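# Overview (structure and organization)
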Amino acid sequence: MILETQGLTKRFGRITAVDSLDLEVRQGQVYGLLGPNGSGKTTTLGMILGVTNKTGGSYSWFEKGEDYRLRKQVGAILEHPIFYPYLSAMQNLRITALIKEIEKPDYAHALKMVGLYERRNDRFSTYSLGMKQRLAIASSMLSDPGVLIFDEPTNGLDPQGIAEIRNIILEIRGMGKTILLASHLLDEVQKVCTHFAVLRNGKRIFAGEVDAVLNKKNRIEIGCADLEKAKHILSNDQRVLHIEHANGYLVTEVDPLLTTQEINRIMMDQGVILSHLVFKRSNLEEQFLAILKESDD
Amino acid sequence: MIRILQLEFLKLKHYKAFWIILGLFVVFYFALGFFTKRVIDWFLEENMEQLGQFANMGIPLFDFVDIWQNLAYLTFVFKWILAFVVIISICLEFSNKTIRQNIIDGLSRREFMFSKLIMILALALLAGLLLLLLGLFLGLLYSQVKSPDFILMNMEFIPAYILEIFSFLCLAMLFAFIIRRTGFAIIIFIFYTAMFEPIGAAIMQYEYKIANWYLPMRAINNLIHVPFQKYAFMEVQDYVAWVDVLVVFGWTGIFLLLSYWILKTRNL
């Protein structure tokens, strides 16, 4: 277990920013913390990183508790990249290395990984936002930590910057590191994460595997001359979870075991000729909206 | 310990404003020493008639034995410059949010405060060293007596001076931790230390006859009493009183505990 929180709570006056949050992040997971702005993602990360004082509950790094020294084995960026503006990239990384007590810091490797080696002696204040974000990643990777925390890493970047950061994160994932990624972008979580939790108003309203959620229900669109007959046939199949009419087609939600070939075969057997058969992989956005909707009910 | 010292040095090494202000401090410090002698000589010459006997004797401002207390008192104004250095360097960590990243990276809040305390100690020691150098220099230049016994006598004013500066800078650190914004912190610090408390103390003393030696600025300033009335044959405290030292130690402890408490309980 890399990180565990139990009943973690933060109140700012009357507002409860994080409400008895339970999280479990295990070795090797890429864990997405998903939620709209103001849902308590950054406050949660602030608490587990020691900058926001918790109101209640507990957290534990590496099953060893809350000791500040444990943070030296975590690479983390909260919100914006933060460095001494009047120092160069190298000088800033030296400060990080000193705080984290890194024995032999490999500055060149970290800087090359994010493509900043050539600019290493320029002052931080001369960097573009994308470069600042990349330097933050280099800094968090400097101690070769087992776990990394990124908070909205692509916020405010242009499409090219976003692509660069995503590729770096995927590269880090490829190294087998555990990543905790907070984001309000579903697309980002879907592309990068293996697991995710959804936060809303400081509460965890969902937690699970990205693949399991994505594959829980597939959507298949069916078109034919006699929609009612097709509907009748499908409604007798237990693997079909839901059927509705839309745009002159039948839109079905089916168990992943039921493939398009299978549907085609069943229909043929019953004498129905399909004119339209489209597999639609369900995306996280719909699941997310569904989860939000469920939590409203 | 060495790691924390290195950390603070890395942060300050390339911070120009810090070195410029510190450089100004050193320049002003020595300039004051030299110009004071000049100004007094000039003043005595101009007023030869009225002052008669004084002018002939000269004021033995820079004679050994007296010089340590005189210089320590004269240069007390400069402790505000050092206080600005402390406030700027701490508030900058808040405005750049670098304190936040320091903590995230694995520094404890206590270590952070300790790193600033080391800077404060270094500044206080620097001030003490300057006092020693300036005293030796001016004393050897102008003093009537130059034997080692006299040079060493009254030298306890140097450690007292270091304590005075150290305590004053701890108060500056407390203001920086509470207020967090450079401009505000400096203004409110000046307002409190140079106006609010002195005026309040004067009102307490002269209007209401309430003793006020225990107020923080009074206590800090009391370590080294005003020496100059003695040249008009008035009685002055020309030694460092233990009770004054204890009061200042007490306040320094309070400043440090409050600073730590504020740093500990606030969100960064």
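Cut-off values and rules
Residues numbered from 1 in each chain as written. Chains lettered and ligands numbered in written order. Predicted model: local features only at pLDDT ≥ 70, side-chain atom pairs only at ≥ 80, totals over all residues. Heavy atoms only, no water. Helix = DSSP H or I, 4+ residues; strand = E, 2+ residues; numbered from the N terminus. Rg over C-alpha atoms; globule rule 2.2 N^0.38 Å. Buried < 20%, exposed > 50% of the residue type's maximum accessible area, 1.4 Å probe, protein only. Contact = heavy atoms within 4.5 Å. Areas by Shrake-Rupley, 256 points an atom, 1.4 Å probe, with all protein chains shown as cover. Lys, Arg positive; Asp, Glu negative; His and termini not counted. Charge placed at Lys NZ, Arg CZ, Asp CG, Glu CD. Expected span 1.5 Å × (residues − 1). Pairing = 2+ DSSP bridges. Axes fitted to C-alpha atoms, helices over the stretch in contact; angles between N-to-C directions. Phe/Tyr/Trp six-rings, centres within 6.5 Å; stacked < 30°, edge-to-face > 60°. Lys NZ or Arg CZ within 6 Å of the ring centre and 35° of its normal. Domains from an automatic or database assignment. Buried area = accessible area lost by both parts, 1.4 Å probe. Salt bridge = Lys/Arg side-chain N within 4 Å of Asp/Glu carboxyl O. Polar contact = N/O pair within 3.5 Å; in protein donor to acceptor, adjacent residues only side chain to side chain.

### Side note on the overall build of chain B
Along chain B, the regular secondary structure elements total 13 helices and 0 strands. Taken over the C-alpha trace, chain B has a radius of gyration of 21 Å; the compact-globule value for 268 residues is 18 Å, and the two agree within 12%. For chain B, the spread of C-alpha atoms along the principal axes amounts to about 70 × 45 × 35 Å. Taking all 268 residues of chain B together, 50% fall into the buried category. Long-range pairs, those at least 24 residues apart, make up 80% of the contacts in chain B between residues at least 6 apart in sequence. A total accessible area of about 13,200 Å² is found for chain B, and carbon and sulfur atoms account for 72% of it. Across chain B, the mean location of the 20 positive side-chain charges is 19 Å away from that of the 18 negative side-chain charges.

### Re helix 6 (residues 79-95) of chain B
Over its 17 residues, helix 6 of chain B extends 24 Å from the first C-alpha to the last, a length consistent with the 24 Å expected when each residue adds 1.5 Å. With 15 of 17 residues buried, helix 6 of chain B is to be regarded as a mostly interior element.

### Quick notes on the sheet that holds strand 1 (residues 3-12) of chain A
Hydrogen bonds along the backbone pair up the strands of a sheet, which may run parallel or antiparallel. All names here are of chain A. Taken in spatial order, the 3 strands line up as 2-1-4 in an open sheet, and their pairing is antiparallel. A strand with exactly one partner marks an edge of an open sheet, and here the two such strands are strand 2 (15-25) and strand 4 (56-61). If you compare each strand with its neighbour and ignore which way they point, the axes differ by 20 degrees on average. In the sheet, strand 1 pairs with strand 2 via 7 bridges, with the strands oriented antiparallel. When the bridges of strand 2 are listed, Thr5 appears paired with Leu23. Contacts from helix 1 (residues 41-48) reach strand 1, strand 2 and strand 4, with the element oriented near 115 degrees to strand 1.

### Details of the packing of aromatic side chains
The relative placement of two aromatic rings is captured by the distance of their centres and the angle of their planes. Using the criterion set out here, one finds 24 aromatic pairs over all chains in the structure. When the ring of Trp213 of chain B is compared with that of Tyr214 of chain B, the centres are 5.5 Å apart and the planes differ by 85 degrees; the resulting orientation is edge-to-face. Of the residues examined, Tyr214 of chain B reaches a relative accessible area of 32% and is grouped as partly exposed. Members of the aromatic cluster, connected to one another through ring pairs, are Trp80, Phe168, Phe175, Phe189, Phe191, Tyr192 and Phe196 of chain B. Over the aromatic face of Tyr117 of chain A sits the side chain of Lys112 of chain A, whose NZ or CZ is 4.6 Å from the ring centroid. Taking NZ or CZ as reference, Lys79 of chain B lies 5.2 Å from the ring centre of Phe168 of chain B, over its face.

### Examining the domain arrangement of chain A
Taken domain by domain, chain A comprises domain 1 (3-213) and domain 2 (217-281). On a C-alpha basis, the centroid separation for the pair domain 1 of chain A and domain 2 of chain A is 43 Å.

### What about the interface of chain A and chain B?
A common way to state how big an interface is: give the accessible area lost once the parts meet. The interface of chain A with chain B comprises 28 residues on the first partner and 28 residues on the second. Across the interface of chain A and chain B, roughly 2,700 Å² is buried in total on both sides, 55% from carbon and sulfur atoms. The interface formed by chain A and chain B holds 1 salt bridge in total. Here Glu79 of chain A ties to Arg100 of chain B by a salt bridge, and the two come within 2.9 Å at their closest N and O atoms. Counting the contacts that link chain A with chain B gives 19 residue pairs in polar contact (both at pLDDT 80 or more).

### Some details on the pairing of strand 3 (residues 30-34) of chain A
Residues and elements named next belong to chain A. Counting buried positions over the 5 residues of strand 3 gives 5, a clear majority of the element. What you see with strand 3 is no split at all: Val30, Gly32 and Leu34 on one side and Tyr31 and Leu33 on the other are buried throughout. As judged from the 4 bridges shared by strand 3 and strand 8 (residues 195-200), these two strands associate in the parallel manner. Counterpart to Gly32 in the pairing with strand 8 is Phe196.

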